[in-house]
Amino acid sequence: MGSDNLKLKKAVELLNQRGLNGFIIYSNGTCSILRPSYLHYFSGWKPLGPRNAAIISQSGEVALLVEPFWDSIRASRKSWIRDVRGSSNFLKDLIGIMREFNIRGAVGLAGSKEMTQDLYAAIKKEASILFTDEIIEEMAREKTEWEIEIARKTARIADIGSRAFLEHARLGIREYELVAE
């Protein structure tokens, strides 16, 4: 497989269990606290542009396709994925990677709710799409040591903030004054 990344190993295991020939994790670059960002969870990189995807083959090849092209530099620094490709023609480049990785037949798709119709139609011409958000959701149930450490660090920061709030809150204080403290 080339990479010891646990998320990649788990994704390949799950897509093979489901009989998929590949897996596409898509993001339109928007950030919302109301829904998860599957691509950010998987790749460790927060997309900015309108079209971004991780493409995973049955054998464990993985590429991160980034739009706009210039954001590929930041993506290659932030993500554990080594094959980062900037794109000026996302549709053409996505289909090219699918063909390069020999992804045909049944393909899992996570993040389809963010996808435009033209992109969905282009993928559908190449493969049979199955909606598989649950693959990422299943992966997220089992935390890595790094994820556990991030949760602990976040909890420590929240504890400091709570203590500061309790220490400085008093009757009659204005909200902006409390925030300043």
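Predicted model, so just to flag it, every value in this text is computed and none were measured. (Residues numbered from 1 in each chain as written. Predicted model: local features only at pLDDT ≥ 70, side-chain atom pairs only at ≥ 80, totals over all residues. Heavy atoms only, no water.)

Engineer: What exactly am I supposed to notice about the overall build of the chain here?
Structural biologist: A tally of helices and strands in the chain yields eight helices and six strands. Its C-alpha atoms give the chain principal-axis dimensions of about 65 × 30 × 25 Å. For the chain, buried positions account for 42% of its 181 residues. Across the chain, contacts joining residues at least 24 apart in sequence account for 57% of those joining residues at least 6 apart. Surface exposure of the chain reaches about 10,700 Å², of which carbon and sulfur atoms provide 55%. Separation between the mean location of the 26 positive side-chain charges and that of the 24 negative ones in the chain comes to 2 Å. (Helix = DSSP H or I, 4+ residues; strand = E, 2+ residues; numbered from the N terminus. Buried < 20%, exposed > 50% of the residue type's maximum accessible area, 1.4 Å probe, protein only. Contact = heavy atoms within 4.5 Å. Areas by Shrake-Rupley, 256 points an atom, 1.4 Å probe, with all protein chains shown as cover. Lys, Arg positive; Asp, Glu negative; His and termini not counted. Charge placed at Lys NZ, Arg CZ, Asp CG, Glu CD.)

Engineer: I tried to follow unusual backbone geometry on my own but got confused; where do I start?
Structural biologist: Leaving glycine out, the prevailing phi sign among residues is negative, and the prevailing peptide bond configuration is trans. Residue Pro 68 is reached from Glu 67 by a cis peptide bond, and omega for that bond is 5 degrees. Within the element layout of this structure, Pro 68 appears in the loop between strand S3 (62–66) and helix H3 (72–78). You will see that Asn 102, though not glycine, has its phi angle at about 60 degrees, which is positive. Given a relative accessible area of 51%, Asn 102 falls into the exposed group.

Engineer: What is the right way to read the packing of helix H4 (residues 90–100) against helix H5 (residues 117–126) from this model?
Structural biologist: Relative to each other, H4 and H5 sit at 25 degrees, their axes nearing to 10 Å. With respect to H5, the axis of H4 lies roughly parallel. Where H4 crosses over H5, the handedness of that crossing is right-handed. Contacts between H4 and H5 involve Phe 90, Leu 91, Leu 94, Ile 95, Met 98 and Arg 99 on the former and, on the latter, Asp 118, Leu 119, Ala 122, Ile 123 and Glu 126. (Axes fitted to C-alpha atoms, helices over the stretch in contact; angles between N-to-C directions. Parallel < 35°, antiparallel > 145°, perpendicular 65-115°, else oblique. Left-handed = near helix turned anticlockwise from the far one by under 90°.)

Engineer: Help me understand the pairing of strand S2 (residues 52–57) in this model?
Structural biologist: If a strand is regular, its side chains alternate between the two faces of the sheet. Of all six residues in S2, six are buried; the element is thus mostly enclosed. Side chains of S2 alternate between two faces, with Asn 52, Ala 54 and Ile 56 and Ala 53, Ile 55 and Ser 57 buried alike. The pairing of S2 with S3 spans five bridges and is antiparallel. Across the sheet, the residue bridging to Ile 56 is Val 62, located in S3. Hairpin connection of S2 to S3: four residues between the antiparallel strands, including Gly 60 at a positive phi of 105 degrees. (Pairing = 2+ DSSP bridges.)

Engineer: How should the packing of helix H1 (residues 6–17) against helix H6 (residues 133–141) be read in this particular structure?
Structural biologist: Packed helix pairs are characterised by how far apart their axes lie and by the angle those axes make with each other. Two elements in contact, H1 and H6, have axes separated by 10 Å at closest approach and are oriented at 135 degrees. What the angle tells us is that H1 and H6 run oblique. Crossing of H1 against H6: the hand is right-handed. Across the interface between the two elements, Lys 7, Lys 10, Ala 11, Leu 14 and Leu 15 of H1 pack against Ile 135, Glu 138 and Met 139 of H6. The residue makeup of the contact of H1 with H6, split by class, is five nonpolar, no polar and three charged. (Nonpolar A, V, L, I, M, F, W, Y, C, P; charged D, E, K, R; others polar.)

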